[in-house]
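# Structural features, examined
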Amino acid sequence: MNAVETVSLTKFYGKARGVSDVNLTVAEGDLFGFIGPNGAGKSTTIRILTGLISQTSGTAKIFGKDAGKPDTLADIGYMPSETNFYHGMKVREVIKYSAKLRKLDCTKESTRLCERLELDVNKKISELSLGNRKKVSIVCALQHKPRLCILDEPTSGLDPLMQREFYVILEERNAEGTTIFLSSHILSEIQKYCKRAAVIREGRLLVCDKVDNLVHTNAKKVTLSGISEPPKIDGIGNVEIDGDTVKFLYGGEPRTLLNTLGNLPITDINITEPDLEEIFMHYYKEDNCDNS
Amino acid sequence: MTILKHEIRQGRNSLIIWTAVIAFMLGVCILIYPEMSKQMDGISEAFANMGGFSAAFGMDKINFGEFIGFFGVECGNVLGLGGAFYAALTGISALSKEEREHTAEFLLTHPISRQNVVAQKLVSVILQIIILNAAAVGITSLSSLIIGETPDIKPIMLMFAAYLIMQIETAAICFGISAFIGRGGLGLGLGLAAAFYFMNIVANLTESSAFLKYITPFGYTDSADIIADGHIEFKYLVVGLVITVIGICAAFWKYQRKDIS
């Protein structure tokens, strides 16, 4: 069964574009990364999935049920990108209120999570730093052991140690069968932890695939020293020139590249898999060219 | 029930402060009455003969020298205006504060229908208004006992009922508005309550603006009419109840469809 499934999902805010024609499928048990620059439509998609806004057209389903309905929300743990709670409440009270709104007693799990995240439950929300408020949000999203976690830019504001602990918790949950859907613009995070990922840009889904497939495209990242301009062959993109070093992505036949390189005064050569960041930029720029 | 309890707790300080201030002023007004009534002989007539000014506050129709008349005018201003401000503030912030403070993302992503959220918040608003008015009734009874006045129960209770309904109507109108606006609105709520109050004064002044009594919830709270007629003015009350229902329905209708962004 699919945890998330959207068909032709479109949202306009008046005339302003939110997302258009998004077809997104996340299988149950996946650890899914949703990538895109700010304003690309990540949060719009997530807000539709959590029922905060309703779509202009298309459908959004969570475990086969319409998104946003109370019985659908019962399956979801949601962590918003901007974390705010009620003034004057203590951390413990907010976490308890969240559990009560679900008509559940999650004391055991919330205590465990607070200990792991080193969160002081006796502090008032107003005394907390951004990172600590994020932790409260994490506990509220995870304490009821939901089937699906929707996390909107979850790690911004967390220190690196906490980020690691957070992903350890996510991976444990994922191993227990929880589907994780997280948005981020930090690609290294997605590459490191996610199984599958989708790239969204200007409201449209550009690509959706396994992270391994995205990274292991036939494109290679080539770095050459000793020359000041790239070889003149087809399949070269994302060229960067820095003095006598040339970097580019190469998507053509390896033999063609090697044959051409043989005739060039190269002093050093490095051919690697490109990381997700570069592929992301690749999609980004490719689309730019299409538009112009 | 969870949201209701939460709302009451969140509004507790505000409720305590408004109740304390209104109860204190009511109590003071009643306790100084014996002192004032001694000096009232003659003044009462003067009050009744100040033309437009007397009419504006209904003093031409009631005897300011009697406790019930004095109470009607004083109570009308303290509990009427104070209660209306409190009702407007509580009503207008009930739904919009979640967006203003960005807690809507937290609350509305829990498995609770929007209607349920609206219903519990509405009940919390009405409950808080009832608590404030109950305290007003309590302090009035106590203060009256202290000064040894035993006024007619019926007109006094009718006055309290009218003020309560007026506050609930004001809150319902603001509650409806609350569903439409994203943030802010406190100024709008206070302004609306003040506008209603002055509308009633204007309506008392001239025949040509008497129609305003249909619009303002203060129309049916005029203690002069209640004491003189022995009942709340039915035609104004019906319009008020209809507006109350419209405000509440608008809140349910809008909040169900609202995009939270």
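Residues numbered from 1 in each chain as written. Chains lettered and ligands numbered in written order. Predicted model: local features only at pLDDT ≥ 70, side-chain atom pairs only at ≥ 80, totals over all residues. Heavy atoms only, no water.

### Some thoughts on the packing of aromatic side chains
- Inspection of every chain in the model, using the stated rule, returns 16 aromatic pairs over all chains.
- Each ring, one from Tyr33 of chain B and one from Phe70 of chain B, has its centre 4.8 Å from the other, and the planes form 45°; the classification is tilted. A residue pair is termed long-range when its members are at least 10 positions apart, and Tyr33 of chain B in helix α3 (residues 33-38) and Phe70 of chain B in helix α6 (residues 67-100) qualify at 37 residues.
- Among the residues examined, Tyr33 of chain B registers a relative accessible area of 4% and is labelled buried.
- On the basis of relative accessible area, Phe70 of chain B is assigned to the buried category, the value being 2%.
- Directly above the ring of Phe63 of chain A sits Arg147 of chain A, whose terminal nitrogen or CZ lies 3.7 Å from the centroid.
- Just above the ring of Tyr255 of chain B sits the side chain of Arg114 of chain B; from NZ or CZ to the centre is 5.9 Å. (Phe/Tyr/Trp six-rings, centres within 6.5 Å; stacked < 30°, edge-to-face > 60°. Helix = DSSP H or I, 4+ residues; strand = E, 2+ residues; numbered from the N terminus. Buried < 20%, exposed > 50% of the residue type's maximum accessible area, 1.4 Å probe, protein only. Lys NZ or Arg CZ within 6 Å of the ring centre and 35° of its normal.)

### Details of the sheet that holds strand β1 (residues 2-13) of chain A
Residues and elements named next belong to chain A.
- The strand order across the open sheet built from four strands is β2-β1-β4-β5, with neighbouring strands paired in antiparallel fashion. Because the sheet does not close on itself, it has two edges, and the strands there are β2 (16-27) and β5 (65-66).
- Its contacts with the sheet place helix α1 (residues 42-49) against β1, β2 and β4 (57-62), and it is angled at close to 115° to β1. (Pairing = 2+ DSSP bridges. Contact = heavy atoms within 4.5 Å. Axes fitted to C-alpha atoms, helices over the stretch in contact; angles between N-to-C directions.)

### Details of the interface of chain A and chain B
- Facing 25 residues of chain A, the contacting portion of chain B comprises 24 residues.
- Taken as a group, Leu52, Tyr86 and Leu101 of chain A account for 30% of the area that chain A buries against chain B, more than any other trio of residues on that side.
- Scanning the region where chain A abuts chain B turns up two salt bridges.
- At the boundary of chain A with chain B, the tally comes to nine residue pairs in polar contact (both at pLDDT 80 or more).
- Those elements that provide at least two residues to the side of chain A that touches chain B are α2 (70-73) and α3 (91-101) of chain A.
- Ranked by the residues each element gives to the side of chain A that touches chain B, the list is headed by α3 of chain A, at five residues.
- Classifying every residue of the side of chain A that touches chain B gives 14 nonpolar, six polar and five charged. (Buried area = accessible area lost by both parts, 1.4 Å probe. Salt bridge = Lys/Arg side-chain N within 4 Å of Asp/Glu carboxyl O. Polar contact = N/O pair within 3.5 Å; in protein donor to acceptor, adjacent residues only side chain to side chain. Nonpolar A, V, L, I, M, F, W, Y, C, P; charged D, E, K, R; others polar.)

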